[in-house]
Amino acid sequence: MKPAAIVLPLLLTACASPATKSGFLSTYDGMAPRTDTVRAKVTQRRDEARLAGVQKVALEPAVLAANAPWLTAPERRLLLREIDAQLCFELSERYEIVQRSAGAHRVRAAVTAVEPTGRVSSAASAAASFFIPGPLGLRAPGTLGSLAAEAELLDGDQQIAAIAWNRAATPVGTDNPSLSRVGDALQFAEPFADAAAAAMTAPGAQPRKIGTPDPCAQFGARFRVEGFAAKFATGLYVPEMSGAKASEVADETPPPSPDTGGFGPGSEP
């Protein structure tokens, strides 16, 4: 076997840390590691019998339950809104999205850890990838950010599905460098949401047609063509073109304390 064939899988998995256990979830009882993931570390639990009865879900705004003082208020809003958007996109393919009501199950989510993407080194990485094209990009040391997040589906106060998810960017792979300090975390919001929605879906459930109007319209387009164009042209992930539509209401409130309490186009967890 060629050395590259051995080294590449190691590079793709070396930066993944163990899945988080932050204290955000209502319970961690029964959580078990998933063994079918490559780039993320995941633990989850699901009550498949009770999941079969879920029809409607109400999404609570994601919160920051991480010690990340380096995050600015705009960066925090940007990241949490992308988590909200991707969870809405993914879960709306499984369930009817409604406002919180007596007949709906609740979905809670939190960012439990986040590490910044290196901006200066990202520019160098993008330039290197431009001159050395190929299916896999190269990331310089100091550019690799990460995201850890948790989510649960509740019937009243009883948890019926939960997931703890953690992924870090890799030096060789498909994670685009970014000039945004939350560039990697923003890119990982979609695979996290995909894994969370899968954990919250009963086996054998069929995808549902997205209603009109789109219940996730507040977040902008589901498919962001301009973001793909920006990546192709610059080699960079550009949040302004790739992320969810910005909220019209600024939220300057401080993040809560950490101790408070296949469907669709998804990336590999």
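Below is a summary of the structure that appears in this document.

Conventions we followed
- Residues numbered from 1 in each chain as written.
- Predicted model: local features only at pLDDT ≥ 70, side-chain atom pairs only at ≥ 80, totals over all residues.
- Heavy atoms only, no water.
- Helix = DSSP H or I, 4+ residues; strand = E, 2+ residues; numbered from the N terminus.
- Buried < 20%, exposed > 50% of the residue type's maximum accessible area, 1.4 Å probe, protein only.
- Areas by Shrake-Rupley, 256 points an atom, 1.4 Å probe, with all protein chains shown as cover.
- Contact = heavy atoms within 4.5 Å.
- Phe/Tyr/Trp six-rings, centres within 6.5 Å; stacked < 30°, edge-to-face > 60°.
- Lys NZ or Arg CZ within 6 Å of the ring centre and 35° of its normal.
- Lys, Arg positive; Asp, Glu negative; His and termini not counted.
- Salt bridge = Lys/Arg side-chain N within 4 Å of Asp/Glu carboxyl O.
- Disulfide = S-S within 2.5 Å.
- Axes fitted to C-alpha atoms, helices over the stretch in contact; angles between N-to-C directions.
- Left-handed = near helix turned anticlockwise from the far one by under 90°.
- Nonpolar A, V, L, I, M, F, W, Y, C, P; charged D, E, K, R; others polar.
- Core = buried A, V, L, I, M, F, W, Y, C linked by side-chain atoms within 4.5 Å.
- Pairing = 2+ DSSP bridges.

## As for the overall build of the chain
Inference 1: What the chain contains, in helices and strands, is seven helices and ten strands.
Inference 2: Burial analysis of the chain (269 residues in total) assigns 46% to the buried set.
Inference 3: Of the roughly 13300 Å² of accessible surface on the chain, a fraction of 59% belongs to carbon and sulfur atoms.

## Notes on the side chain of Glu 75
Inference 1: With respect to the helices, strands and loops of the structure, Glu 75 is situated in helix 3 (residues 73-91).
Inference 2: Every residue in contact with Glu 75, bar those within four places of it in the chain, is listed here: Trp 70, Arg 181 and Val 182.

## Details of the packing of aromatic side chains
Any aromatic ring pair is given by two values, namely how distant the centres are and how the planes are angled relative to each other.
Inference 1: Taken as a whole, this structure holds three aromatic pairs when the rule is applied.
Inference 2: Their ring planes at 90° and their centres at 6.4 Å tell us that Phe 89 and Phe 219 sit as a pair that is edge-to-face. In this pair, Phe 89 sits in helix 3 while Phe 219 sits in the loop between helix 5 (183-199) and helix 6 (225-234), placing the two residues 130 residues apart along the sequence.
Inference 3: By relative accessible area, which is 6% here, Phe 219 ends up buried.
Inference 4: Over the ring of Phe 24 we find Arg 108; its NZ or CZ atom is 4.1 Å from the centre of that ring.

## Observations regarding the side chain of Glu 150
Inference 1: Summarising the element assignment, Glu 150 is placed in strand 8 (residues 146-155).
Inference 2: For Glu 150, which is buried and forms no salt bridge, the nearest opposite charge comes from Arg 108, at a distance of 7.8 Å.

## Regarding the state of the cysteines
Inference 1: In this structure the tally under the stated criterion is one disulfide.
Inference 2: A sulfur-sulfur separation of 2.0 Å characterises the disulfide bridge that pairs Cys 88 with Cys 216. In this structure, the disulfide formed by Cys 88 and Cys 216 twists by about -90° around the S-S bond and is classed as left-handed. Taken together, the residues Cys 88 in helix 3 and Cys 216 in the loop between helix 5 and helix 6 connect sequence positions 128 residues apart. One exposure class covers both Cys 88 and Cys 216, and it is buried.

## A word on the environment of Ala 244
Inference 1: Relative to the helices and strands, Ala 244 resides in the segment after helix 7 (239-242).
Inference 2: For Ala 244, a relative accessible area of 13% translates into the label buried.
Inference 3: When the C-alpha positions of Ala 244 and Leu 186 are compared, they lie 9.6 Å apart, and in sequence the two are 58 residues distant.
Inference 4: Non-local contacts of Ala 244, meaning those with residues more than four positions away in its chain, are made with Arg 81, Glu 82, Ala 85, Phe 219 and Arg 224.

## Brief notes about the packing of helix 3 against helix 5
Inference 1: Where helix 3 contacts helix 5, the two axes come as close as 8 Å, and the packing angle between them is 35°. Note that helix 3 runs across helix 5; the crossing there is right-handed. For the pair helix 3 and helix 5, the contacting residues are Leu 78, Leu 79, Glu 82, Ile 83, Gln 86, Leu 87, Glu 90 and Leu 91 in the first and Ala 185, Leu 186, Ala 189, Glu 190, Phe 192, Ala 193, Asp 194, Ala 196 and Ala 197 in the second.
Inference 2: Residues of the contact of helix 3 with helix 5, tallied by class, amount to twelve nonpolar, one polar and four charged.

## Things to note about the nonpolar core
Inference 1: Formed by 44 residues in total, the largest nonpolar core has its most connected members in Leu 51, Ile 83, Val 111, Leu 153, Ile 163, Trp 165 and Phe 192.
Inference 2: Among the secondary structure elements, those contributing two or more residues to this core are strand 2 (40-46), helix 3, strand 6 (105-115), strand 8, strand 9 (158-168) and helix 5.
Inference 3: Beyond its immediate chain neighbours, meaning those up to four positions away, Leu 51 contacts Arg 46, Tyr 95, Leu 153, Ile 160, Ala 161, Ala 199, Met 200, Thr 201 and Ala 202.
Inference 4: Judged by nonpolar contacts, the second largest core, of eight residues, contains Phe 24, Leu 25, Ala 162 and Ala 164.

## Thoughts on the pairing of strand 8
In summary, the side chains of a regular strand alternate between the two faces of the sheet.
Inference 1: Counting buried positions over the ten residues of strand 8 gives nine, a clear majority of the element.
Inference 2: Pairing analysis gives nine bridges linking strand 6 to strand 8, with the strands arranged antiparallel. Bridge pairing links Val 114 to Leu 147 in strand 8.
Inference 3: Summarising the sheet, strand 8 and strand 9 pair through ten bridges and their orientation is antiparallel. Looking across to strand 9, one finds that Leu 154 is bridged to Gln 159.
Inference 4: Remark: two residues form the turn of the hairpin made by strand 8 and strand 9, two consecutive strands paired antiparallel; Gly 156 in that turn has positive phi of roughly 70°.

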